[in-house]
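# A structural walkthrough
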Amino acid sequence: MSIFSEISRIEGAEFKAEVDEIVWLLTHGSNLVPIKSEDVMYLYDMSFIEKRRFTSLMGGYARMDSIVQEVNRCDPSDKDTFDHALILIQTSKDYPLTMSELQMLNEVTRDLPPEAVIHWGIGINDDLKDKVFLMIVYSK
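Before going into details, it helps to say that this report is about the structure given with it. (Residues numbered from 1 in each chain as written. Predicted model: local features only at pLDDT ≥ 70, side-chain atom pairs only at ≥ 80, totals over all residues. Heavy atoms only, no water.)

When you go through the chain residue by residue, the secondary structure sums to 4 helices and 4 strands. Secondary structure of the chain in N-to-C order comes out as α-β-α-β-α-α-β-β. Against the compact-globule benchmark of 14 Å for 140 residues, the chain has a radius of gyration of 15 Å, which places it among compact chains. If you line up the chain on its principal axes, its C-alpha atoms span 40 × 30 × 30 Å. Within the chain, the proportion of its 140 residues that are buried is 41%. Of the contacts formed within the chain by residues at least 6 apart in sequence, a portion of 85% connects residues at least 24 apart. (Helix = DSSP H or I, 4+ residues; strand = E, 2+ residues; numbered from the N terminus. Rg over C-alpha atoms; globule rule 2.2 N^0.38 Å. Buried < 20%, exposed > 50% of the residue type's maximum accessible area, 1.4 Å probe, protein only. Contact = heavy atoms within 4.5 Å.)

Right, here's the structure in full:
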């Protein structure tokens, strides 16, 4: 098992470059249920962005359980203060996301404030085989 965590404080050109990367991944990685570029451009005006990426530790029937468990374990302590959330989910064509798995993802947004704006996107990444990739971008 490997864990990667990134926490950084960036400003100016570095901030723009990081947001450019997030926007590109969200808009190009969501090829089944797309996230439109106009739905993410607000990121350039945010004062705080927190990005988290997860790949399920297990495949098959347990993959979504492992994703939800990791997301809950790594949730920001101030999750209830974020205005927006962008969520990208990717699976392979051979192991598509099921409706029951999609319903489990309600756990991911559970502690966001009711007025938070949430955009979802779903895409294909055949390198995942039977695993799930999830990226969450919280902002305020």
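What follows covers the pattern of salt bridges. Should the charged atoms of two oppositely charged side chains come close, the side chains can pair. In the structure shown here, the tally under the stated rule is 10 salt bridges. Ionic pairing is found between Arg63 and Glu101, a salt bridge with its closest N-O pair at 2.6 Å. Highlighted residues: Arg63 in helix α2 (residues 63-74) and Glu101 in helix α3 (residues 99-104), separated in sequence by 38 residues. Close ionic contact of Lys79 with Asp75 constitutes a salt bridge, the shortest N to O distance being 3.1 Å. Both residues of the pair, Lys79 and Asp75, count as buried. (Salt bridge = Lys/Arg side-chain N within 4 Å of Asp/Glu carboxyl O.)

All right, on to the nonpolar core then. Counting 19 residues, the largest nonpolar core has Met64, Ile67, Val71, Ile89, Val108, Leu134 and Ile136 as the members making the most contacts within it. Put simply, the parts of the chain that give this core at least two residues each are α2, β2 (84-91) and β4 (133-139). For this core, the element with the highest residue contribution is α2, accounting for 4 residues. (Core = buried A, V, L, I, M, F, W, Y, C linked by side-chain atoms within 4.5 Å.)

It is worth spelling out the sheet that holds β4 at this point. Ordered in space as β1-β4-β2-β3, the 4 strands form an open sheet in which the pairing is mixed. With one partner strand each, in any of the chains shown, β1 (49-55) and β3 (117-124) form the two edges of the open sheet. Each strand axis lies, on average, 10° off the axis of its neighbour in the sheet, ignoring direction. Alignment of β2 against β4, held across 7 bridges, turns out to be antiparallel. Considered in β4, the bridge of His84 is made with Ser139. Contacts from α2 reach β1, β2 and β4, with the element oriented near 150° to β1. (Pairing = 2+ DSSP bridges. Axes fitted to C-alpha atoms, helices over the stretch in contact; angles between N-to-C directions.)

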